[in-house]
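Residues per chain, in single letters:
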Amino acid sequence: MVFYKSQKEQIFHVTIAGFRLFFYLCIMEQFIVSARKYRPLTFASVVGQSAIAQTLKNAIERKQLAHAYIFCGPRGVGKTTCARIFAKTINCFSPDSNGDACGECESCKAFAENRSYNIHELDAASNNSVEDIRNLIDQVRVPPQIGKYSVYIIDEVHMLSPSAFNAFLKTLEEPPIHAVFILATTEKHKIIPTILSRCQIYDFNRISIEDTVVYIEKIAKNENIDYESEALHIIAQKADGSMRDALSIFDQVVSFCGTNVTYAKVIENLNVLDYEYYFRLTNAFIGGDYCTALTIFDEILSKGFDAQYFIRGLNSHFRDLLVCKDTRTASLLEVGSTIAESYKKQAEICSVAFLFTALDITNACDVGYKTSSNQRLHIELALCKLSNITTSHKIEQQSAKIAENIEKNKQETGKQQTVEQATAKTAEEKTKNNLTIDETKETTTVATRPETVSIKGFSSLTESINIDTKDTKQEENNTLQMNESFTEEQLLTAWKNCAAMFAKKHTRFASAMIATKPVCEAENVIVFNVQQIVQKNALEEKGIAKNICLYLQKELKNTAVTLDVRVDQSGDKVDAPKLYTDSDKEKYMREKNPELANFQATFELYDAK
Ligand SMILES: [Zn+2]
């Protein structure tokens, strides 16, 4: 309890307090949210709904007013604003030459000061019962005191209960002459058809980003606020087609940034992911650098961004890049001029094929995100796939080129074949002049056949080539690997095995091999001593020596091994059997059986020698 010395002092203090309160109220009064402060007052100033505004204006000019309208469309696109302008215009006493309200007559003033009795707004979301509608119907009967029309705006009309709708039907069909209903809704499909058929329906568009930006720019200039165009684009994008949202966001950003609205501050305040991340990521994808991609993703998560929000953003980024690839679609890019430049630059280094694949991957990732049991890995996997696109495309291109070359070769060989066939055919025709029709048919079938034969022949040829190359490759590999040392025992077994292998084909050499022990002279040089020069020549001419050498190389796992075939001069010492000629055998047989000489003499069976 405060005690004052005199009544005068008390009056003085009370007066001071009063002034203070008045002063504070004045300051508070100064701020009105932009959405209210800049609410359009004429049809011309309505943003992004020019067609609807023009239609309504024309209807007023021609005095062809319906008694019920439905304004439907997303939130914040100007439905209620248009309804208010409409109500104001039809009640104006002296509309101007453009058909707009004058703003000066008693009715217009009443509208401007929010005290008009010609407009009634009902929120159907909270007044949705039959009782509420009955109250409304009672009100509708009373004609307006000033002006011609009473306009009833019913917001969120889809929230009315079915019985309330039915109670409303009769009034809606035959309202009093002074009543106009405007039903606003965001969900037209929830309104029963009997209501829809009694109304004129106007579909409001979402407001484009460009329109939103232009309008915010106007407000910013009016409020003496500096701005970066990119910042306003972010606001417009975040608003998603709703002007009211855009203006609310703008107010929020202004209270955060002050009088300078910058891109950096806006994305910070609105928690929007910077474009820069997507540009960096795409560069990493093109370079096949999955490590950078994964680290950028980690950085984004650590800043508190939602992973699905990120993947959707990445998807739109690819979409924007795709749109930039062609001048016909370039207008679909809805970003500020600086960022648009970056988009164009990046679009130049991305192929359309890359973007298609990337869109496919990000979209699939977004769709499967909710059901994934490890969501982070789910996205990381997508990032790895994106980093692999360029490589896989290169491989595809290469294989396509190879296939093309094969096709060319096929065609060329096919042509050759057909030319050969044709010449053969003409030669045949020349020889057989009197051919019957059936026979010609046969020849045609024969002529067509070789094509397939040639292709088959070609493919088998390529197969064999492939096999050959494979073999040589394998051999090369082996050559590289084989360099092992070996013992005398190992050499001996290898030698015996080789002889066994030759036993069938080259019996003579096999027996010679068995009879002779290989001698390892110097390093990796194996000496094969044979009895006669004929043997040596035969071994070398027929390539058997080479085969033996290869066999030994393989068996001993040493490619440095060489075979040196020598004729043993000291033949007597060697206990190996001689190689018998036919005359040797004859001589032996004669010695064993002397009768053979008589036999030969009688029948003159002598050698040519
Ligand atoms: Zn007026």
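The structure this text deals with has already been given above.
Rules and cut-offs
Residues numbered from 1 in each chain as written. Predicted model: local features only at pLDDT ≥ 70, side-chain atom pairs only at ≥ 80, totals over all residues. Helix = DSSP H or I, 4+ residues; strand = E, 2+ residues; numbered from the N terminus. Buried ≥ 20, exposed ≤ 12 C-beta atoms within 10 Å, placed from the backbone. Contact = placed C-beta atoms within 7 Å. Axes fitted to C-alpha atoms, helices over the stretch in contact; angles between N-to-C directions. Parallel < 35°, antiparallel > 145°, perpendicular 65-115°, else oblique. Nonpolar A, V, L, I, M, F, W, Y, C, P; charged D, E, K, R; others polar. Pairing = 2+ DSSP bridges. Core = buried A, V, L, I, M, F, W, Y, C linked by C-beta atoms within 7 Å. Domains from an automatic or database assignment. Expected span 1.5 Å × (residues − 1). Arc of directions from axis to C-beta. Left-handed = near helix turned anticlockwise from the far one by under 90°.

(A) Structural context of the overall build of the chain. Scanning the chain from terminus to terminus reveals 25 helices and ten strands. Within the chain, buried positions represent 25% of all 609 residues. Counting only contacts in the chain whose residues sit at least 6 apart along the sequence, the fraction spanning at least 24 positions is 73%.

(B) Region of the structure containing the packing of helix α13 (residues 275–286) against helix α16 (residues 337–349). In the contact formed by α13 and α16, the axes pass within 11 Å of each other and the chain directions differ by 10 degrees. The angle between α13 and α16 falls in the class roughly parallel. Across the interface between the two elements, Y275, F279, T282 and I286 of α13 pack against I339, S342, Q346 and I349 of α16. Class assignment for the residues of the contact of α13 with α16 results in five nonpolar, three polar and no charged.

(C) Quick peek at unusual backbone geometry. The backbone of N114 sits at a positive phi, close to 60 degrees, despite the residue not being glycine. By secondary structure assignment, the location of N114 is in the loop between α5 (106–112) and β2 (119–123). The exposed category is assigned to N114, around which 7 C-beta atoms lie within 10 Å. Despite not being glycine, D240 has its phi angle at roughly 55 degrees, a positive value. Tracing the backbone through its elements, the reader meets D240 in the loop between α10 (229–239) and α11 (243–257).

(D) Spotlight on the pairing of strand β4 (residues 179–185). Burial runs high along β4: seven of the seven residues are buried. The side-chain alternation of β4 yields two buried faces, one formed by A179, F181, L183 and T185 and the other by V180, I182 and A184. Where strand β3 (residues 150–155) meets β4, five bridges bridge the pair, whose relative direction is parallel. Residue V151 lies in a different strand from β4, and its bridge partner there is V180.

(E) How the structure looks around the environment of V261. Looking at where V261 falls in the secondary structure, it is placed in strand β7 (residues 260–261). C-alpha separation for the pair V261 and E230, spaced 31 residues apart in sequence, amounts to 9.7 Å. When near neighbours in sequence (up to four residues on either side) are disregarded, V261 contacts I225, D226, Y227, E228, A231, V253, V254 and V266.

(F) Seen up close, the sheet that holds strand β8 (residues 519–521). With mixed pairing, three strands are arranged side by side in an open sheet as β8-β9-β10. Sheet topology places β8 and β10 (562–567) at the edges, where each strand pairs with a single neighbour. On average, each strand axis in the sheet is tilted by 35 degrees relative to the strand beside it, whichever way the strands run. Lying on the sheet, helix α23 (residues 544–556) is in contact with β9 (525–530) and β10; it crosses β10 at an angle near 140 degrees.

(G) Layout of the nonpolar core. Judged by nonpolar contacts, the single largest core of 63 residues is most densely connected at F71, C82, I154, I182, I235 and A246. Summarising the domain contributions, this core has at least three residues from each of domain 2 (34–205) and domain 3 (210–270). Excluding residues within four positions of it along the chain, F71 makes contact with K79, C82, A83, I182, A184, Y202 and F204. L281, A293, I311 and Y343 belong to the second-largest nonpolar core, a separate cluster that totals 27 residues.

(H) Just helix α14 (residues 290–302), in detail. Taking 1.5 Å as the rise per residue, α14 with 13 residues should run 18 Å; its terminal C-alpha atoms sit 18 Å apart, in good agreement. Of all the positions in α14, only A293, F297 and I300 are classed as buried. Angular distribution of buried residues about the axis of α14 spans 60 degrees; they occupy a single face of the element. Projecting away from the buried face of α14 at angles above 90 degrees are the exposed residues C291, T295, D298, E299 and S302. After α14 finishes, the residue G304 shows a positive phi value of roughly 90 degrees.

(I) Local environment of the packing of helix α6 (residues 130–140) against helix α7 (residues 162–173). Between α6 and α7, whose axes approach to 8 Å, the crossing angle comes to 15 degrees. For the element pair α6 / α7, the angle class is roughly parallel. Note that α6 runs across α7; the crossing there is right-handed. Mapping the contact onto sequence places V130, D132, I133, R134, I137 and V140 in α6 and S163, A164, A167, F168 and T171 in α7.

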